[in-house]
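Understanding the architecture of this molecule
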Amino acid sequence: MKRDTNSPSPDVINQMDEEEVIYNEDVIEVIDPDSLNNEEAIKIDPEKEDATLVFTGHKSGSVFCGFLSKAGKIAVTGSEEDKAYVWDTTTGEIILNCTDHKDSIIFAEFNFDETYLATGDMSGIIQLWRLSDKSMIWNYNMGDATWMKWHMAANVLIAGSVNGEIFMWKVPDGDCKVLQGFGNRTEAGVILPDGKRLAVGYEDGTIRVFDLKSNNMISTIPSNVGHNAAITALDCYIDNNLILSAAVDGKTILSMAHTGKIISILQDLNSEQENDMEDSDRNWVETVAFCKDPTFQVAATGSLNGEIFIWDIPKQMLRHKIEQEGGISKILWKGTTSLLFSGGLDGILRCFDARNGLCLHLFTGHSKDILDLHISEEGQIVLTTSDDFTARIFDISNLF
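Residues numbered from 1 in each chain as written. Predicted model: local features only at pLDDT ≥ 70, side-chain atom pairs only at ≥ 80, totals over all residues. Heavy atoms only, no water.

**Brief notes about the overall build of the protein chain**
For the protein chain, the helix and strand inventory stands at one helix and 33 strands. When burial is assessed residue by residue, the protein chain has 56% of its 400 residues classed as buried. The contacts of the protein chain with a sequence gap of at least 6 include a subset with a gap of at least 24, amounting to 46%. (Helix = DSSP H or I, 4+ residues; strand = E, 2+ residues; numbered from the N terminus. Buried < 20%, exposed > 50% of the residue type's maximum accessible area, 1.4 Å probe, protein only. Contact = heavy atoms within 4.5 Å.)

**Topic: the pairing of strand 8 (residues 116–121)**
By the criterion of burial, strand 8 is predominantly enclosed, with six of the six residues buried. Every second residue of strand 8 is oriented toward a common face, with Tyr116, Ala118 and Gly120 on one face and Leu117, Thr119 and Asp121 on the other, all of them buried. Where strand 7 (residues 105–110) meets strand 8, five bridges bridge the pair, whose relative direction is antiparallel. Bridging from a neighbouring strand, glutamate 109 pairs with alanine 118 of strand 8. (Pairing = 2+ DSSP bridges.)

**Brief notes about empty space enclosed by the protein**
Here the structure, examined in full by the defined rule, presents one cavity of 30 Å³ or more. A volume near 50 Å³ is recorded for the largest cavity. Lining the largest cavity, in full, are Ile207, Arg208, Val209, Ser219, Thr220, Ile221, Ile243, Ser255, Met256, Ala257 and Gly260. Where the lining of the largest cavity is concerned, the elements lending two or more residues are strand 17 (207–211), strand 18 (217–221) and strand 21 (251–256). (1 Å grid on protein atoms, 1.4 Å probe; cavity = no way out; pocket = protein on both sides within 12 Å on 5 of 7 lines; lining within 4 Å. Points joined across faces, edges and corners; volume = space filled by probe spheres on them.)

**Some words on the sheet that holds strand 4 (residues 74–79)**
Taking strand neighbours across the sheet as the criterion, the four strands line up as 3-4-5-6 in an open arrangement whose pairing is antiparallel. The sheet is open, and its two edges are formed by strand 3 (63–68) and strand 6 (94–98), each paired on a single side. Taken over all neighbouring pairs, the strand axes of this sheet differ in orientation by 15° on average, direction set aside. Two strands pair when backbone bridges link them, and strand 4 and strand 5 (residues 84–88) are joined in this way by five bridges, in the antiparallel orientation. Residue pairing in the sheet places alanine 75 in a bridge with tryptophan 87 of strand 5. (Axes fitted to C-alpha atoms, helices over the stretch in contact; angles between N-to-C directions.)

**What to know about the environment of isoleucine 166**
If you trace the backbone, isoleucine 166 turns up in strand 13 (residues 166–170). For the pair isoleucine 166 and tryptophan 147, spaced 19 residues apart in sequence, the C-alpha separation works out to 9.7 Å. Contacts of isoleucine 166, omitting those with residues within four sequence positions, involve Trp147, Ile158, Ala159, Lys177, Val178, Leu179, Thr186, Leu198, Val200, Tyr202 and Phe210.

**Focus on the pattern of salt bridges**
One pass over the structure, following the stated rule, counts eleven salt bridges. The closest approach of N and O atoms between glutamate 307 and lysine 321, which form a salt bridge, is 3.9 Å. Note that glutamate 307 is positioned in strand 25 (residues 307–312) and lysine 321 in strand 26 (residues 317–323), a separation of 14 residues in sequence. Since its relative accessible area comes to 21%, lysine 321 is described here as partly exposed. Aspartate 388 is paired through a salt bridge with arginine 392; the nearest N and O atoms lie 3.6 Å apart. Take aspartate 388 and arginine 392: they sit in the same class, and that class is buried. Put simply, Glu49, Asp388 and Arg392 are held in one network by salt bridges that share partners. (Salt bridge = Lys/Arg side-chain N within 4 Å of Asp/Glu carboxyl O.)

**Some remarks on the confidence of the model for the protein chain**
Overall, the prediction assigns the protein chain a mean pLDDT of 89, with 86% of residues at 70 or greater. Note on residues 1–36: pLDDT under 50 across the span, and 76 contacts to partners over four residues away in sequence or across chains. Contacts for the low-pLDDT stretch residues 273–277, under 50 throughout, to residues beyond four places or in other chains number four contacts. (pLDDT = per-residue confidence, 0-100.)

**A word on the packing of aromatic side chains**
Taken as a whole, this structure holds twelve aromatic pairs when the rule is applied. A ring pair is formed by phenylalanine 182 and tyrosine 202, whose centres lie 6.3 Å apart and whose planes are at 85°; its orientation type is edge-to-face. Here the residue phenylalanine 182 occupies a position in the loop between strand 14 (175–179) and strand 15 (186–191), and tyrosine 202 occupies one in strand 16 (residues 197–202), the gap between them amounting to 20 residues. Phenylalanine 182 sits in the partly exposed class, given a relative accessible area of 29%. The rings of Trp138, Tyr140, Phe167 and Trp169 are connected pair by pair, giving a single aromatic cluster. Sitting over the face of the ring of phenylalanine 182, arginine 208 holds its NZ or CZ atom 3.8 Å from the ring centroid. Here arginine 355 stacks its cationic end above the ring of phenylalanine 296, 4.1 Å away from the centre of that ring. (Phe/Tyr/Trp six-rings, centres within 6.5 Å; stacked < 30°, edge-to-face > 60°. Lys NZ or Arg CZ within 6 Å of the ring centre and 35° of its normal.)

**Comments concerning the side chain of serine 386**
With respect to the element layout, serine 386 can be found in strand 32 (residues 381–386). Within the local environment of serine 386, its side chain forms a polar contact with the backbone nitrogen of aspartate 388, the two atoms lying 3.0 Å apart. Setting aside chain neighbours within four positions, we find serine 386 in contact with Ser62, Val63, His366, Lys368, Asp369, Ile370 and Leu371. (Polar contact = N/O pair within 3.5 Å; in protein donor to acceptor, adjacent residues only side chain to side chain.)

Structure follows, in structure tokens:
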């Protein structure tokens, strides 16, 4: 563990040699007593409904995914019933019914300028909808899919497949490029902030970074070097280089996108007493996210067992550990603030201040697991989707 008085910035980290790789095997939790999680002090009423709107358009099956428009006026949600709906976040009125899918919807998002909506299901059927006239203008069957992403600044849709190939479509004409597979399914993908590169995590724990223009592979972290099990989550820092990754092996790793060098194995949740652990006892990180505030260089990770870890990135050490009642499906930062939201498998949406580790608010209403959450770009509302067949809108405008 590094304990330098003058902590290196991420730019300095980028210049490290391979000999300077760090393995934080025994992480010491340096937590001020005043910053301990105060969730116990917040009274939870299981019958209280905190949502400003409960969307009940999905009549059966879990609602797997959700996305908000930038202003938060409309939402799209996709469910196990093979349908996606676009709806008004104030009234709940259904604006568009996306039909003709053949499997559970795992992706439903608006593009960068909100002219199009893409919906995708597990069988690999992708539909493109033009929002101006609510018409489906393009569809494609890529085979079994694992994840999908819109480019943040271009009409390009990217998806990973079970057979390991990565598809990239230019929309609306549907021109397609395919990045080769490597014999393992793709588990996660993230487009780097510069929009020029893509990091992909695979079933065997390998991470590869591709140039989106040339399709060339820039770097790779093999499974015998970094992770050795399926990647669960990826994120990239605003410097376009630092990659944060997590996997079923219990490791959380910080690495370099342009070289593939590992900077630090921040954590290995399964390193202790590994020989005595059953598969059902193993723990791993399900979700990771860098804070977007350049003056607050931290990242958050959320585990299957309900732990949130706030990492000091320049020091590569633990800043806070927060424990909540249920496992965590997803964590998101509110814009460039230090506010962190977590979707709980106990049906509770939580808001924490990552600077001190305190729980600021609990949002109740869901009766089952929260599966996805999304915060509007303007930061006024948050959308959650759940196993209870519903989606909910919560007002977060008073949280700073």
